[in-house]
Each structure stands twice: as structure tokens, then as C-alpha cells.
Amino acid sequence: MSGRTTILLLSGTALAGLAFGWTTAVAQRATALRTGTPAYIAQQPAQPETPPAPTSADPDALRDPAAPARNQGSAVSARQPSRASQPVQAPALRGVTQRQFRPPPPVVATLPQPAPPLPPPPPRRRTAAEEDPYAALGVRIGSVTLRPGFTNSIGYDTNPQRIAPPGVKGSPFARYEGDLDIQSDWNVHQLSGRLRGGYFQYFRDSQASRPDAEGNLDLRLDATRDTRILLESRLRLDTQRPGSPDLTSAVEGRPLVWQYGGSAGVSHDFNRLQLTLRGSVDRSDYENAQLTNGAILSQQDRNQTQYGLRLRAAYEVTPGFRPFIQGDIDQREFDDKIDSSGYMRSSNGLSGRIGSTFEISRQLTGEISGGYQNRSYEDPRLKNLRGFVGDAAVLWSPTPLTTVTLRGSATLGDTTVAGSSGTTVRTVALEIAHALRRNLTVTGFTGFTRTDYEGQNLREDQMNVGARIEYRLTRTFAIRASFTHERLNSTSPGNDYTANVSMVGLRVQF
């Protein structure tokens, strides 16, 4: 072998050794890097998936969603990859799949039910009327509301005594008046009432000074759903004018007349039929009068007590129309069997009437009744007093700012006029109120009363007309002013009179 051949063999051997060493080093390095290659990257046969662990109840899991995955075994394979050309992953890195972050699917026991349909929208309601900003709030005591009020006025009266001229002398006056409204707020039963009292003080004619008052108090007790017990009390205080036909002599001042009484009854509903039975007792007391010569005129023979019984049957045709039929019997007993004229005035009365309460609309409501009454007297010299009796009260509101009130009555009364059985009294009154503003109301009124004395050619016609205005400053204070013209025409000579009354005052209400 030549020297060149020997050199070539040695060079090839050295190159082969270097190549084997480099290959071995590369293989060892590759082995260290490919140890942690995942099985799905190495394209190994698919392994069965391990179900994700249930969500931990540890509060830390709520703060760190990866916490449940840290305590589980890794899905990374430790075997050698079959192909070195695939991506590799270091053994220190741990794989976390998105599946481990998802919460377990909910367990469905039953199929979901469809949502119920939404209820239909409620019908639109009419906007409630705004509260009167000037109405009294009242004083509440428990479940009862009291609304007191006081009015002080000054004015001028051209005929304080209501007498015929001559001798008429006008006088300024002061008027003091108080009133009280009572209304309960109970779930069952009801208490309601109104009391009013006043006094006229004349500065130039003290004999004309006089009080007046009226009031009623009603209590309804609901015994059952269809049965109610009705209790009522009433009071009226008035005075007699010096020229009254029942005063047989000229008197000074104005004698007082007290009328008071009460009633008790029961009302029961038979479906739409309502029956009401009521008994009553009323008393009238007359004050003795002082004559112009200083003597005393006794009026004790006019004091009387009346006992009455009423039965009413009403049928509700519609909620706003309830016709009724009513029967009354009464007995009037005088304290003195014989009066100053020698007549026995005690009597018995029998009457019947038909009528109806109605509400044609919100603008027109009221009650109207009419009938016939017969009154027979203990004294045979006195003829029976017969005639029409009735009552009417109608309230009409043509506009929200205007109110029309119509009232009327027909009654048979007593008298001490010699030879007369009694009186037939017819009364009608009309009032129209209009609100110019919420706190400014103007009212016009008129009235007419005719009194016929049965058996005597005696009749009196009394008329009044006037206007008043009320300006409410606040809920508590209001200013009132009024003017009234009165006139009396009588068939008895010397009893006609006229009077004009002007008044202005301040009202305080709570």
C-alpha cells in the first residue's frame, strides 16, 4: 500500500469517527427535549378521555378558575415521539384544556314548561279628581274626624224685629256662629252629624238679639250584612217674631222655641227589596213671652209631644233608581188638654206617600216624594185637616264649577188661632253656586213660603232673595259677605214688613 492510500484511509476513518460522534450527541439532545411530548401531538392511538372532575365547592375555586385543574393529573404523554419533525414541549410545562374550565351540564329532570302568557293590561282608570287645596283637613280623634269652624261677622239690619212700619228702626249687629261636622271612618257601622249654633247681637235694639241653632247626629249599626240598626237625634232652636198670628198680644223680644227628638229603627234587605221600620219621639217647648206692659204671656198650652211610626218599602230597580212607598201614623199630645182659646188640640195623623231616590247621572241626584195626609182632632169643633204632603231635594251640577240645589216641602202644622184646625205650609228654595276660581265662590239664592190657616181667611207669603260670596285665603281662613232682602205679605192688616240685611265676616275652620 502506498503512502497516499494510507493517508486517504486514515482521513476517512477520522471523518467517520467525527460523524458518528456528532450524530450521537444530536440524538442524546433530541432525547432530552422530546421526553415530554403529548400523546395527541405524537399521533399515538387515541386514548379514552378522562371526564372532568366536578367543580369544587371550595371558595378559592370561585376566585381562581384554574384551581380545579392544578390538582388533577396531566394528559401529557412521556413516551418518545415517533416522528422528530413534530413540535415538542418541555417536560416542566403542564397542559390545561378548555374543557376543564366549563361547569358540569345541569341535570334536566323534566322538560321545561313554556312561560305563561302575560296578563292583559288593566283598563285605564279615570284620573281621580284633585283634592280641594282649600278644604278643611279636620281634627282626627281615633277613627272619627271632626271639622270645627267659627265665623264672626258684622253687618246692618234695616228691620231687626221684623215688624210693620211705623216703628221700624235699623241697627248694626254682630253675628257669632260655630259649627261642627262629625264623620267616622269605621270598617263597619257609621257615625255622622252636623251641629250649628249662632247668635245675633243688635247694638241699637237689644230686644231683637236672638240665638238660633240646629243639628242632627246619626248612628248606623251593621248587625249583619243585610240588617242595620238606625239611630238618630235632632235639635232645632228658633224664635218667634213679634207679629206672628200665634202670639195673641203684642210682645217684646223674640220668645224661644225648642224642638228636639230622636228616632230608632231597623232596616233589612231582601235581595233588592229593602224594608225600614222606624219609631220617633219629638218634643216642642215654647218660652213664655213678655208683653209690652210688662205682663207675662204663658205659652204652656202650645207645648206638645209627638209619637210617630213609619214603614217604608223600597225596591232597587237599578243602582241609581230606587222607588219606594211609605206610610206614617202619629199622635200629638199637648201638655194642656185645653188651650187658651178653649180648644182641645191633641190629634192623630195618618199619611201615605210614594217617591224615589234617583241618580240619573253624576250630575243629577236627589229624592222626591209626595202623598196625602189626614189629621183628626180631639175637639169636634175642629175640622179634619187634609192636604198634600211631600218633600223634594234635587242636586244638579251642569258643569264642574256650577251647582244648582232645589228644595221643597209641604207639611201640615199646628196653630193656636181660634177656630183654625191647623196650618198648611208650602216651601220652595233655589240656590245656584258658581266657582269663579278654586277659592272664590259666588252664590245666588231665593225662597218662597206660603202659610194658610185652615178655617180662617188668613194667609202669609214670605219671600227672600240674595247673594253671598266666599273667598278662601287658605285651608283655615276665609272671608264671607252676603246681602239678603226679605219681604212678608199678610192678609192680616198691619203685619207686612220688609228687611235688608248686609253682612261681612271672617271664618276660621280646621
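Everything numeric in this text was worked out from a predicted model, so none of it was measured.

Here is what the cut-offs are and how they apply
Residues numbered from 1 in each chain as written. Predicted model: local features only at pLDDT ≥ 70, side-chain atom pairs only at ≥ 80, totals over all residues. Heavy atoms only, no water. Helix = DSSP H or I, 4+ residues; strand = E, 2+ residues; numbered from the N terminus. Buried < 20%, exposed > 50% of the residue type's maximum accessible area, 1.4 Å probe, protein only. Contact = heavy atoms within 4.5 Å. Areas by Shrake-Rupley, 256 points an atom, 1.4 Å probe, with all protein chains shown as cover. Pairing = 2+ DSSP bridges. Phe/Tyr/Trp six-rings, centres within 6.5 Å; stacked < 30°, edge-to-face > 60°. Lys NZ or Arg CZ within 6 Å of the ring centre and 35° of its normal. pLDDT = per-residue confidence, 0-100. Core = buried A, V, L, I, M, F, W, Y, C linked by side-chain atoms within 4.5 Å. Salt bridge = Lys/Arg side-chain N within 4 Å of Asp/Glu carboxyl O.

## Considerations on the overall build of the protein chain
Here is step 1: Regarding its fold elements, the protein chain presents three helices and 22 strands.
Here is step 2: Relative to its 510 residues, the protein chain shows a buried fraction of 32%.
Here is step 3: Residue pairs in contact within the protein chain that sit at least 24 positions apart in sequence constitute 55% of those at least 6 positions apart.
Here is step 4: Carbon and sulfur atoms provide 59% of the accessible area of the protein chain, an area that totals close to 32,000 Å².

## A short note on the sheet that holds strand 10 (residues 289–291)
Here is step 1: The three strands lie next to each other as 7-10-11, forming an open sheet whose pairing is antiparallel. Two strands bound the open sheet, and with one partner strand each, they are strand 7 (251–252) and strand 11 (296–297).
Here is step 2: Note that strand 10 and strand 11 share two bridges and pair antiparallel. Its bridge partner lying in strand 11, glutamine 290 is registered against isoleucine 296.

## Thoughts on the packing of aromatic side chains
Here is step 1: A full pass over the atoms with the stated rule returns three aromatic pairs.
Here is step 2: An aromatic cluster is built from Phe173, Phe200 and Tyr202, whose rings are joined through pairwise contacts.
Here is step 3: The ring centre of tyrosine 286 lies 4.1 Å from the NZ or CZ of arginine 302, which sits over that ring.
Here is step 4: Taking the ring centre of tyrosine 343 as reference, the NZ or CZ of arginine 381 above it sits at 4.4 Å.

## Topic: the environment of alanine 289
Here is step 1: Checked against the element boundaries, alanine 289 lands in strand 10.
Here is step 2: You can call alanine 289 buried: its relative accessible area is 1%.

## Comments concerning the confidence of the model for the protein chain
Here is step 1: This prediction gives the protein chain a mean pLDDT of 83; 75% of its residues lie at or above 70.
Here is step 2: Counting contacts from residues 22–27, a segment whose pLDDT is below 50, to residues more than four positions away or on other chains yields zero contacts.
Here is step 3: Of the regions scoring below 50 in pLDDT, residues 29–77 engages in 55 contacts with residues more than four places distant in sequence or in other chains.

## Overview of the pairing of strand 8 (residues 256–270)
Here is step 1: Pairing of strand 6 (residues 227–239) with strand 8, which is carried by 13 bridges, proceeds in the antiparallel orientation. Looking at the pairing, threonine 239 lines up with leucine 256 of strand 8.
Here is step 2: In this antiparallel pair of consecutive strands, strand 8 and strand 9 (residues 273–286), the connection spans two residues, and asparagine 271 shows a positive phi of 60°.

## As for the environment of arginine 322
Here is step 1: Tracing the chain through its elements places arginine 322 in strand 13 (residues 321–334).
Here is step 2: C-alpha separation for the pair arginine 322 and glutamate 359, spaced 37 residues apart in sequence, amounts to 9.1 Å.
Here is step 3: Leaving out residues up to four positions away in the same chain, arginine 322 has contacts with Gln274, Ala314, Tyr315, Glu316, Ser356 and Thr357.

## Some points on unusual backbone geometry
Here is step 1: In this structure, proline 166 follows proline 165 across a cis peptide bond, with omega equal to 0°.
Here is step 2: As for its position among the elements, proline 166 is in the loop between strand 2 (144–157) and strand 3 (171–184).
Here is step 3: Of note in the backbone geometry, arginine 162 takes a positive phi value of approximately 55° without being a glycine.
Here is step 4: On the secondary structure map, arginine 162 appears in the loop between strand 2 and strand 3.

## Focus on the nonpolar core
Here is step 1: Ranked by size, the top nonpolar core spans six residues in total: Tyr343, Tyr377, Leu382, Leu385, Val389 and Leu412.
Here is step 2: With residues near it in sequence (within four places) discarded, leucine 412 still touches Arg332, Gln373, Leu385, Arg386, Gly387, Val389, Thr423 and Thr424.

## Some details on the pairing of strand 15 (residues 364–377)
A regular strand places its side chains on the two faces of the sheet in alternate fashion.
Here is step 1: Alignment of strand 14 (residues 347–361) against strand 15, held across 14 bridges, turns out to be antiparallel. Its bridge partner lying in strand 15, serine 356 is registered against isoleucine 368.
Here is step 2: Two successive antiparallel strands, strand 14 and strand 15, enclose a turn made up of two residues.
Here is step 3: With 12 bridges joining them, strand 15 and strand 16 (residues 385–399) adopt antiparallel strand pairing. Pairing of tyrosine 372 across the sheet is with phenylalanine 388, part of strand 16.

## What to know about the pattern of salt bridges
Pairing is possible between side chains of opposite charge, provided their charged atoms come close.
Here is step 1: Scanning the entire structure with this criterion turns up 36 salt bridges.
Here is step 2: When the shortest N-O distance is used, the salt bridge between arginine 302 and aspartate 246 registers 3.6 Å. A residue pair is termed long-range when its members are at least 10 positions apart, and arginine 302 in the loop between strand 11 and strand 12 (304–315) and aspartate 246 in the loop between strand 6 and strand 7 qualify at 56 residues.
Here is step 3: Residue arginine 302 is classed as buried on the basis of its relative accessible area of 8%.

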